[in-house]
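Fold and geometry: a report
What follows is the residue order along each chain.
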Amino acid sequence: MLSEPGRTLPSCRTHPASGRLARGVRYTGRLACWSLATGMATAATDLVLEPHTPWWTALWPAPWYLTGLSIALWAVLRAREKAAQQPCDHDDFPGHLEKAA
């Protein structure tokens, strides 16, 4: 057993705003995934069905632009989230956990 009953393992302390950052990272990651899926679906539709309407030529590349923007935004938010975390103090680990590896 790795921990004794009633005793918790040490954890990293985070900045109070990291909850908002984590939520932003999560939602931006979801936006990137869904826009990528939509981009693939619209590209397949354009390839297979070849729609010839004027609005389609403006619509089908839009998810690809959104994918690029959301990935860039996700990377910035993720970097800020990581910077908000304080490094773990490895001196707090019990001796038997260090030997476990």
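Residues numbered from 1 in each chain as written. Predicted model: local features only at pLDDT ≥ 70, side-chain atom pairs only at ≥ 80, totals over all residues. Heavy atoms only, no water.

1. Structural notes on helix α1 (residues 18–49)
The test is simple: Going along the chain from the N terminus, every DSSP run of H or I of four or more residues is numbered as a helix, and every run of E of two or more is numbered as a strand. A helix is expected to span 1.5 Å for every residue after the first. Relative accessible area decides the class of each residue, using a 1.4 Å probe on protein chains only: under 20% of the type maximum gives buried, over 50% gives exposed, and in between gives partly exposed. Here, two residues are considered to be in contact whenever any of their heavy atoms come within 4.5 Å of each other.
Taking 1.5 Å per residue, 32 residues should reach 46 Å; α1 reaches 45 Å between its end C-alpha atoms and fits that length. Taken together, the buried positions of α1 are occupied by S18, L21, V25, T28, G29, A32, S35, G39 and T42. Looking at the packing, one finds that the buried side of α1 touches α2 (54–59) and α3 (62–84). Phi turns positive, to about 45 degrees, at E50, one or two residues after α1.

2. Digging into a nonpolar patch on the surface
Defined as follows: Here, patches come from residues exposed beyond 30% relative accessible area and free of salt bridges, joined within 9 Å for like charges and within 5 Å for nonpolar side chains (Val, Leu, Ile, Met, Phe, Trp, Tyr). Reported accessibility uses the Shrake-Rupley method at a 1.4 Å probe radius. Residues are deemed covered only where the shown protein chains occlude them. By convention in these notes, a salt bridge is any Lys or Arg side-chain nitrogen within 4 Å of a carboxyl oxygen on Asp or Glu.
Where nonpolar side chains cluster on the molecular surface, the patch consists of L36, M40 and W64 and spans about 270 Å² of accessible area. Turning to its location among the elements, W64 is positioned in helix α3.

3. Observations regarding the side chain of T67
Tracing the backbone through its elements, the reader meets T67 in helix α3. In this structure T67 comes out as buried when scored by relative accessible area, which is 6%. With residues up to four places along the chain from it excluded, the contact list for T67 reads A32, S35 and L36.

4. Concerning the packing of α1 against α3
The criterion, for reference: Angles here are taken between N-to-C directions and fall from 0 to 180 degrees, while the axes themselves are lines fitted to C-alpha atoms, restricted in helices to the stretch in contact. Any angle between 65 and 115 degrees counts as roughly perpendicular, while under 35 counts as roughly parallel, over 145 as roughly antiparallel, and the rest as oblique. In a left-handed crossing the near helix is turned counterclockwise from the far helix by less than a right angle, and in a right-handed crossing that turn is clockwise. Residues are grouped as follows: Ala, Val, Leu, Ile, Met, Phe, Trp, Tyr, Cys and Pro are nonpolar; Asp, Glu, Lys and Arg are charged; all remaining types, including Gly, are polar.
Relative orientation of the contacting elements α1 and α3 amounts to 160 degrees, with a least axis distance of 8 Å. The orientation of α1 with respect to α3, classified from their angle, is roughly antiparallel. At the point where α1 passes α3, the crossing takes the left-handed sense. Tallied by class, residues from the contact of α1 with α3 come to 16 nonpolar, 9 polar and 3 charged.

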